[in-house]
Amino acid sequence: MTQTAPSKLMTMATLSGFLVRDRQSQDLGCFEELMIDPESGRIAYAVLSFGSLLGMGGKLWAVPWNALELNAEQRVFVLDVDRATLASAPAFLEEKWPDFTDRTWGLLVHSHYGIRPYWESEAV
């Protein structure tokens, strides 16, 4: 049986500015912040900025962490959505962040991406 090397831990400073791409390798934006659930210790959301790529400057998007897949070789995260899905995702202004503990808001975000809410999933 072959053993794989353990994953490396990454700091937020390392992830800040990390690119997010779609499955076709088109840049979608970058990490601005990570939101951590202090009760479970799990990363709940990645807050992304997509800048002028979608013509929506000044807005941020909370993407469920489990909707992202790390491509360590290319040092990017992959978000498996098309641009139309991304453009219609719940967004917020840089100066007016939502209440990330609001489960109603969280259900809206998770359902948009077709992802089971992290608080309903077992820790990996």
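Residues numbered from 1 in each chain as written. Predicted model: local features only at pLDDT ≥ 70, side-chain atom pairs only at ≥ 80, totals over all residues. Heavy atoms only, no water.

Chemist: Looking at this structure, how should I read the pairing of strand E4 (residues 59–64)?
Modeler: A regular strand carries its side chains on alternate faces of the sheet. For E4, the tally of buried residues reaches five of six residues, placing the bulk of the element in the interior. Where strand E3 (residues 42–49) and E4 come together, five bridges link them in antiparallel fashion. Directly across from Leu48, in E4, lies its bridge partner Trp61. Across three bridges, the pairing between E4 and strand E7 (residues 91–93) is antiparallel. By the bridge assignment for E7, Leu60 is matched with Phe92. (Buried < 20%, exposed > 50% of the residue type's maximum accessible area, 1.4 Å probe, protein only. Helix = DSSP H or I, 4+ residues; strand = E, 2+ residues; numbered from the N terminus. Pairing = 2+ DSSP bridges.)

Chemist: What should I look at first to understand helix H3 (residues 103–112) in this one?
Modeler: Every α-helix winds through 3.6 residues per turn, so residues three or four apart in the chain are directed the same way. Buried within H3 we find Trp105, Gly106, Val109 and His110. Projection of H3 onto a plane perpendicular to its axis shows the buried side chains occupying an angular sector of 130°, all on one side. H3 presents Thr104 and Ser111 as exposed residues on the side facing more than 90 degrees away from its buried surface. Of the surrounding secondary structure, the elements contacted by the buried residues of H3 are E3 and E4. Backbone nitrogen of Thr104 and a side-chain oxygen of the N-cap are separated by 3.0 Å at the start of H3; the cap is Asp102. Residue Gly114 follows H3 closely and has a positive phi angle near 70°. (Arc of directions from axis to C-beta. Contact = heavy atoms within 4.5 Å. Polar contact = N/O pair within 3.5 Å; in protein donor to acceptor, adjacent residues only side chain to side chain.)

Chemist: Would you explain the nonpolar core in this entry?
Modeler: Side chains that are nonpolar tend, in soluble globular proteins, to be buried together. Counting 30 residues, the largest nonpolar core has Phe31, Tyr45, Leu68, Leu79 and Tyr113 as its most contacted members. Secondary structure elements with two or more residues in this core: strand E2 (27–37), E3, E4, strand E6 (76–79) and H3. Beyond its immediate stretch of four places on either side in the chain, Leu68 contacts Val20, Phe31, Ala46, Val63, Phe77, Val78 and Leu79. (Core = buried A, V, L, I, M, F, W, Y, C linked by side-chain atoms within 4.5 Å.)

Chemist: Would you mind going over the pattern of salt bridges with me for this structure?
Modeler: One side chain can pair with another of opposite charge once the charged atoms of both are near each other. Applying the stated rule across the entire model yields three salt bridges. Between Arg23 and Glu69 there is a salt bridge whose closest N-O contact spans 3.0 Å. Placement of Arg23 in the loop between strand E1 (19–21) and E2 and of Glu69 in strand E5 (residues 68–71) is noted, with a sequence separation of 46 residues between them. A residue is classified by how much of its surface remains accessible, and Arg23, at 42% relative accessible area, is partly exposed. The exposure class assigned to Glu69 is partly exposed, which follows from its relative accessible area of 41%. A salt bridge links Arg23 to Asp80, with the shortest nitrogen-to-oxygen separation between them at 3.5 Å. Taken together, the positions of Arg23 in the loop between E1 and E2 and Asp80 in the loop between E6 and helix H2 (83–87) put the pair 57 residues apart, joining distant regions of the chain. Through salt bridges with shared partners, a single ionic network connects Arg23, Glu69 and Asp80. (Salt bridge = Lys/Arg side-chain N within 4 Å of Asp/Glu carboxyl O.)

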